[in-house]
Amino acid sequence: MSLVRWDPFRNMATLQDRINRLFEDAFPRATEGDEELSASAWHPLVDIFETEQGVSILVDLPGVSKEDVSVEVKENVLTIRGERKFDQTVADDRYYRRERAFGTFQRSFATHTVISPGEIKATFKNGVLKVEVPKPQEIKPKHVSVNIE
């Protein structure tokens, strides 16, 4: 049997790490580049990917009607807002477990290029919002002929 040196502070550091993880999971912080987390009751999951035509954003919105969703562009920031309404048909004392989130949500995404709000297309099907942002038309250099005398 080998002897192990006892370190009374090792367990304290482990406990501190566990407490920090608990608070980070319960109260996430917005980091640089992330959208504001405190303005929403819940946050739908998104996928963002590039296509030949532009950028597509897929947002999972189960239980949300399309009338309760809005897409807005302001100063090159695309914002998706909405609300999942709570179903009041079941009394609170009848629940064994309630894990689904309800209330308002907001997700914002900054773009690196100027986008035209009129060219954005959004479709809502089977609880998934698809927002298609077309690539901006490239500014072509202007060719000027100069007469030399």
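The rules we used
Residues numbered from 1 in each chain as written. Predicted model: local features only at pLDDT ≥ 70, side-chain atom pairs only at ≥ 80, totals over all residues. Heavy atoms only, no water. Core = buried A, V, L, I, M, F, W, Y, C linked by side-chain atoms within 4.5 Å. Buried < 20%, exposed > 50% of the residue type's maximum accessible area, 1.4 Å probe, protein only. Helix = DSSP H or I, 4+ residues; strand = E, 2+ residues; numbered from the N terminus. Contact = heavy atoms within 4.5 Å. Patch = residues over 30% accessible without salt bridge, like charges linked within 9 Å, V, L, I, M, F, W, Y side chains within 5 Å. Areas by Shrake-Rupley, 256 points an atom, 1.4 Å probe, with all protein chains shown as cover. Salt bridge = Lys/Arg side-chain N within 4 Å of Asp/Glu carboxyl O. Phe/Tyr/Trp six-rings, centres within 6.5 Å; stacked < 30°, edge-to-face > 60°. Lys NZ or Arg CZ within 6 Å of the ring centre and 35° of its normal. Pairing = 2+ DSSP bridges. Axes fitted to C-alpha atoms, helices over the stretch in contact; angles between N-to-C directions.

**Notes on the nonpolar core**
- Counting 15 residues, the largest nonpolar core has Leu-61, Leu-78, Ile-80 and Val-131 as the members making the most contacts within it.
- With three residues, the top contributor of residues to this core is strand S7 (residues 128-134).
- Setting aside anything within four residues of it in sequence, one finds Ile-80 in contact with Ile-57, Val-59, Val-69, Ser-70, Val-71, Phe-105, Gln-106, Arg-107, Phe-109, Leu-129 and Val-131.

**Things to note about a nonpolar patch on the surface**
- A cluster of nonpolar side chains, Phe-9, Met-12, Leu-15, Ile-19, Leu-22 and Phe-23, forms an exposed patch at the surface whose accessible area comes to about 650 Å².
- Here Leu-15 shows up in helix H1 (residues 10-26).

**Quick word on the packing of aromatic side chains**
- Counted by the stated rule, this structure contains two aromatic pairs.
- Aromatic pair Phe-86 and Phe-102: ring centres 5.1 Å apart, planes at 85°, arrangement edge-to-face. Here Phe-102 lies in the loop between strand S4 (77-84) and strand S5 (103-110) and Phe-86 lies in the loop between S4 and S5, a separation of 16 residues in the sequence.
- On the basis of relative accessibility, which here comes to 24%, the residue Phe-86 falls in the partly exposed class.
- In this structure, Arg-84 packs its charged tip against the face of Trp-42, placed 4.0 Å from the ring centre.
- Above the face of the Tyr-95 ring, Arg-98 is positioned so that its terminal group lies 4.1 Å from the ring centre.

**Examining the sheet that holds strand S2 (residues 54-60)**
- The strand order S1-S2-S7-S6 describes an open sheet built from four strands, whose pairing is antiparallel. The open sheet has two edge strands, strand S1 (46-50) and strand S6 (121-125), and neither has a second partner. Neighbouring strand axes in the sheet, compared pairwise and without regard to direction, differ in orientation by 15° on average.
- Both S6 and S7 contribute to a ladder of five bridges, which runs antiparallel. By the bridge assignment for S7, Thr-123 is matched with Lys-130.

**Focus: the sheet that holds strand S3 (residues 69-74)**
- Spatial strand order, S3-S4-S5: three strands in an open sheet with antiparallel pairing. Edge positions in the sheet fall to S3 and S5, since each has one partner strand and no second. Put simply, the sheet's adjacent strands are angled 15° from each other on average, direction ignored.
- Relative to S4, S3 is paired through six bridges, and the arrangement is antiparallel. Its bridge partner lying in S4, Val-71 is registered against Ile-80.

**As for unusual backbone geometry**
- One non-glycine residue, Asn-76, lies in the positive phi region at around 65°.
- With respect to the helices and strands, Asn-76 occurs in the loop between S3 and S4.
- The backbone of Asn-126 sits at a positive phi, close to 55°, despite the residue not being glycine.
- Turning to its location among the elements, Asn-126 is positioned in the loop between S6 and S7.
- The exposed category is assigned to Asn-126, whose relative accessible area is 75%.

It is worth stressing that arrangement in space is one thing and function is another; only the former is reported here.
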